[in-house]
Each structure stands twice: as structure tokens, then as C-alpha cells.
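Analysis of the macromolecular model
Chain residues, written in single-letter form:
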Amino acid sequence: MKLGLRRPALFARVFLLVNLLLLAAAILAVYEIQIADDNAYLGYRHVGADPQHLLLLVVSVLVVGVLLPVEIRRPSDFLSLFHILFVVLPYAALFPIGGQVAVAQYWLNFATLLAPLLVLRLGAASTVGLRMPSPMSYGSLELAIVALCMLGTAYAFLHAPSSAGIDLGSAYDRRIEGREIFQAGTIAAYLNAAIVNGFAPTAAFLAGWRRRNWLLAVALASGAAFYYVIGLKAPIFYVGLAYLVGYAIRMGAVGRFVAVVLGLLWLALLAAFVEYVASGYSFVADYFLRRVFAVPSYLMAAYFEFMYQDPFSGWRPEVGFRAAEGITYFVGEAYLGVPGANANTNAFLYQLAGGGLPGYLVTTLLVSCVFAYLDAVHRAARNAGFVFLGFLYAILLVEQAATTALASSGIGGLILLVSLTRARGRSRGSPDAERGVAGFDLPGGGNASRPAS
């Protein structure tokens, strides 16, 4: 191993911390110059940059910077990456978005968001290899996923609402009408969720990893179809990221995914600033950065107000709060003032609100066990499918309940299928065969001496 070619670990960690501090400052700046004013009618408030806020932000970034992986080395690292960048960091930057928060209250909120990662890291540190029987081939897995995507997409088209179309402005109308047609709890609703959140991104991953362009076409067509039918925009984003993960594994570069995500965020922030300077308005800030950073922070602020600050909310730490319409719809109407709004938040906060501390602890343990399993089976088999499932489950947990992601979004079924699939998933004769898997997640950062079988 050529140590001279490896960046010193201390330098990499310091560089990452500086990056996070600047990223937090950029999030705060783009929120203040445009997003706050454009969304004031919804209750968004200017958060300012007073010394106390900046001190809390700096200390918070230093804490999360220790937990954020410098590079991806195992499936569970994706949860640390996404939970910090899209949950903890935005909240630390914008926590007064819904109103002033006392310092002690802020640290309680911050600890609530961070505690699951500490449990996860403890579990990941003790992971051992676990080998599973694998009678299936990746070819069989591809056929099963494509069949499910085609079946579900065809059914959705046949039952498309009257508002179906490609107009961005009517996407919310399509979503509301779609809830009436594909009612929660029905097989069609489960299949829709599994396709857009699980099967279509998996097809895109396989396209990037196994060089199957037709699978990418299937994934993009599925995402576009559900945007047309029920106005969902996130699936296209998931498909793009999933393809990127597959391509990175094929090129042996998935370890650098942290740098790639940070680079993409910086590119978006730079584009927003350039747009704003040129025209006084940024589409990137309004349609992307607001959704990625401001909306989650605003929703988390509403949940914390509901649980910790409103003495008349009815929430109790030992049982949570049981709402007939579901906790997300209750918070959306009672604390955001929007009847029918589905105020989705990250898996851990969702369970704390609905199930109290018992639900929060059970969810933390469930998620930690799932990632411990993914780490263990990947450590033994070097199956790239487990790397991708770590990515997919982690990104869904940012805005979904843990059990919803496992069951409704199809992650549980995909984990079972990949567990039964042989690790040698690359197409025969490819010059890159097995490189992405062999060079990933080895103790001490080394490379595998032989391909997985």
C-alpha cells in the first residue's frame, strides 16, 4: 500500500469540519436572502446571525463533524452521511425558523436528533461477518424488479386521476386526488410506494453497476410515470442518485461518495447565489435548497414545539400522542396551519412524536439492527447490493418512518432478495468486474486480494 498517496486522516477530518462550517453558513445565508421572505406566509421567520446562534452552530458542527464519515466504508456510513447533512445540520443552522428557542431547549432538540447516530456507531463498531445462502443470480433479481415496476406503473396509468399531467403547478392537486384513488392500506398504494421508493431506484442502481442502460430507462420511465399520475417529484431524484451509487461502485469510487454529495450541495448553493445576484431570485433556492434544507428544519421545529414547548399539546414522553388521522397530518394541521398537510419528518422524530420514548428507542434499535445486518452480510460477501440498500434505506429515513421504509417502500423485501443473491453481480467479461466491491469496506482500509464469489 502506497501511504504517500493517501491523504492523512487528520487533514481529511479537519478539511471536512471546515467544509461543514462553511456549508452551514451558506445554508443560513441563502435562507436569509430569499427563502425566509418567499415563505413568510407559511410562518417561516428570519433566524438572524446573532453571536449566540453562531456559537451554537459552530459547536454543533464540531460535534457532528466527528460522527460524519470522511469516506464510505460500509453500508451504515450512508445513514451517518444523510442524517447529518439533511437532518441535523439544517436544523442546527435554522433552528429558530419557527420562533425563538432557548439554549437549553436547543441542546435537548439537538440531542434528540443525534442520539440514534451514537447508537448506530456503537453497533457498527462491533459488527462481524455474516454469510447467507445465495441461490439467486442478479439476472433473476433484475427480471423480478422490472416485472414489478411494469405491473405497478401500468395499474397506476389505468387509474390515473383526472388531473394527471406534467404541469408542475398542479402536482399537489394530483397528489391529493391520488390519495383518494390509491387509498392507504390497499395493495395498489403499497405497490406504488414500493416502486417509487424501492424498485425503481434499485433498477437504476443495477443499471449503473452492471452497465444495463435499459434498466435505467425502466427506472426513469417509472419515476416519470408517477410524476404524471400523482405528482411525485422525489422518485426522479432517487433514481439519479441510485444510478450514481451504482456507477461509483463499478468504478471503485464509492468511498468518495461523501465528497461527491458535498460537491453537489456546493454546486447547488453556488448556482443559487449566482442566480440571485443576476436576477434577484433563484429557482435553485426555491425548488431545491428550500426543499432540502428549509422544509425539514421547519417541520422539525414544529414537532419540537408540539412535544417539548406546548404544555397543552397532549403529548406525553411515555406514550407519545395518538392522533386519529395520524401524527403527520395532526402536526400539519395543528402546528403548520394547513389542513390535509402531511408533515413528514425523519424516522426518529416521527416515532418520538407518535409513540413517545418507547417508540423512539424501539425505532433506534430497529434501524441500528438493520444496518448492523447490512454491514455484517456485506463484510462477509462483498455484495454491492448491500451497499446500495444501506444508501437507499438511509435516504428514506430522512423523511419516512423506519417501518414504513422497510414495509411500504419495499426495503425489507429488497434486503431479503439481495441476501439470497450471489455477490458476483457484474456482467460477464466486463473489464471493471468486481473492482467496486473488492475495494470496499475492508478492515484497516485495504483492498481485497481476490474478487468476491
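Here is a short report on the structure shown in this document.

So, how was this worked out
Residues numbered from 1 in each chain as written. Predicted model: local features only at pLDDT ≥ 70, side-chain atom pairs only at ≥ 80, totals over all residues. Heavy atoms only, no water. Salt bridge = Lys/Arg side-chain N within 4 Å of Asp/Glu carboxyl O. Helix = DSSP H or I, 4+ residues; strand = E, 2+ residues; numbered from the N terminus. Buried < 20%, exposed > 50% of the residue type's maximum accessible area, 1.4 Å probe, protein only. Polar contact = N/O pair within 3.5 Å; in protein donor to acceptor, adjacent residues only side chain to side chain. Contact = heavy atoms within 4.5 Å. Core = buried A, V, L, I, M, F, W, Y, C linked by side-chain atoms within 4.5 Å. 1 Å grid on protein atoms, 1.4 Å probe; cavity = no way out; pocket = protein on both sides within 12 Å on 5 of 7 lines; lining within 4 Å. Points joined across faces, edges and corners; volume = space filled by probe spheres on them. Nonpolar A, V, L, I, M, F, W, Y, C, P; charged D, E, K, R; others polar.

1. As for the pattern of salt bridges
Taken as a whole, this structure holds seven salt bridges when the rule is applied. Between E71 and R73 there is a salt bridge; the shortest N-O distance is 3.3 Å. The partner of D286 in a salt bridge is R290, and the shortest N-O contact between them spans 3.6 Å. With D286 and R290 both in helix 11 (residues 283-309) and four residues apart, the pair spans about one turn of that helix.

2. Structural notes on the side chain of T153
For T153, the position within the fold is in helix 5 (residues 138-158). Taking relative accessible area as the criterion, T153 reaches 12% and is therefore assigned buried. Among the polar contacts listed, one links the side chain of T153 to the backbone oxygen of C149, at a separation of 2.7 Å. Leaving out residues up to four positions away in the same chain, T153 has contacts with I195, S222, A225 and F226.

3. A short note on the nonpolar core
Among the nonpolar cores identified, the biggest contains 141 residues, and F82, L85, F306, F391 and Y393 are the most heavily contacted of them. No other element matches the 15 residues that helix 11 contributes to this core. Leaving out residues up to four positions away in the same chain, Y393 has contacts with V367, V370, F371, A402, A405, L406 and I411.

4. Re empty space enclosed by the protein
Scanning all chains against the criterion turns up two cavities of 30 Å³ or more. Put simply, the largest cavity is a space of about 60 Å³. As for the largest cavity, its lining consists of F86, V87, P296, L299, M300, N344, T345, N346, V398 and E399. Mapped onto the lining of the largest cavity, the elements with two or more residues apiece are helix 3 (77-94) and helix 11. When residues of the lining of the largest cavity are assigned to their parent elements, the largest contribution, three residues, is made by helix 11. Residue composition of the lining of the largest cavity, by class: six nonpolar, three polar and one charged. Volume-wise, the second largest cavity comes out at about 40 Å³. Surrounding the second largest cavity, Y138, L141, T202, F205, L206, G385, F388, L389, L414 and V418 form its lining. At the level of secondary structure, the elements contributing two or more residues to the lining of the second largest cavity comprise helix 5, helix 7 (187-210), helix 14 (384-397) and helix 16 (411-419).

So, to be careful, I would describe these as geometric facts and stop short of saying anything about function.
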